[in-house]
Amino acid sequence: MRLLWLSARRDHCLAGGGAVAAAECDLLSRVSAGSRVHHAHTGTGALALACAAAVPGTVAHELLRGGGGGGCGGGGEAGAELRIAHPQGVMRVHASVGRDADGRHVAHSAGMVRTARYLMVGEVVV
């Protein structure tokens, strides 16, 4: 089980130095990884948060409304971007949530863009 902590957007310091202004994010979030807080934010947690933010009545949606955030929770626009601030910066996610024939919320899609980084550099001798 993972825990997720949420806060309305505000200015905050990054773990590696630097800062993020409240205007650069929609929500602040921290997520657990095992028995500690994740060093940045999990992708699956961010996607789940984007879906929750698009559903009226959830904590995420209410924080967006009260915190003046745009994002996919600020009215539940399909596919709108949600900017999640975390200890290493800001990640952008989006989600489209609707209702099925029985009135239950259904996530139609969710996505994010990840940055590329080297995982390994080396030489192969044949």
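See above for the structure.
Below is a summary of the structure that appears in this document. Predicted model only: the values in this text are computed from it and were never measured.

1. Points about the side chain of serine 29
- Relative to the helices and strands, serine 29 is located in strand E4 (residues 27-33).
- A residue is classified by how much of its surface remains accessible, and serine 29, at 1% relative accessible area, is buried.
- Among the polar contacts listed, one links the side chain of serine 29 to the side chain of histidine 41, at a separation of 2.8 Å.
- Those residues in contact with serine 29, other than ones at most four positions away along the chain, are Leu4, Trp5, Leu6, His41, Leu49, Ile84, Ala85, His86 and Pro87.

2. A short note on the pairing of strand E6 (residues 81-86)
- Where burial is concerned, most of E6 is hidden: five out of the six residues are buried.
- Hairpin geometry of E6 and strand E7 (residues 89-99) is characterised by an intervening segment of two residues between the two adjacent antiparallel strands.

3. Let's talk about the pattern of salt bridges
- Counted under the stated rule, the structure contains five salt bridges.
- Across the pair arginine 83 and aspartate 26 runs a salt bridge, and its minimum N-O distance is 3.0 Å. Placement of the pair is arginine 83 in strand E6 and aspartate 26 in the loop between strand E3 (19-20) and E4, with a sequence separation of 57 residues. Aspartate 26 matches arginine 83 in its accessibility class, with the two residues each being buried.
- Through salt bridges with shared partners, one network takes in Asp100, Asp102 and Arg104.

4. Notes on the pairing of E7
- In the sheet, E6 pairs with E7 via six bridges, with the strands oriented antiparallel. Opposite arginine 83, over in E7, you have arginine 92 as the bridge partner.
- Pairing of E7 with strand E8 (residues 105-112), which is carried by seven bridges, proceeds in the antiparallel orientation. Pairing of serine 96 across the sheet is with serine 109, part of E8.
- Counting the residues between successive antiparallel strands, the hairpin from E7 to E8 contains five residues, one of them, glycine 103, with a positive phi of roughly 85°.

Basis of the calculations
- Residues numbered from 1 in each chain as written.
- Predicted model: local features only at pLDDT ≥ 70, side-chain atom pairs only at ≥ 80, totals over all residues.
- Heavy atoms only, no water.
- Helix = DSSP H or I, 4+ residues; strand = E, 2+ residues; numbered from the N terminus.
- Buried < 20%, exposed > 50% of the residue type's maximum accessible area, 1.4 Å probe, protein only.
- Polar contact = N/O pair within 3.5 Å; in protein donor to acceptor, adjacent residues only side chain to side chain.
- Contact = heavy atoms within 4.5 Å.
- Pairing = 2+ DSSP bridges.
- Salt bridge = Lys/Arg side-chain N within 4 Å of Asp/Glu carboxyl O.

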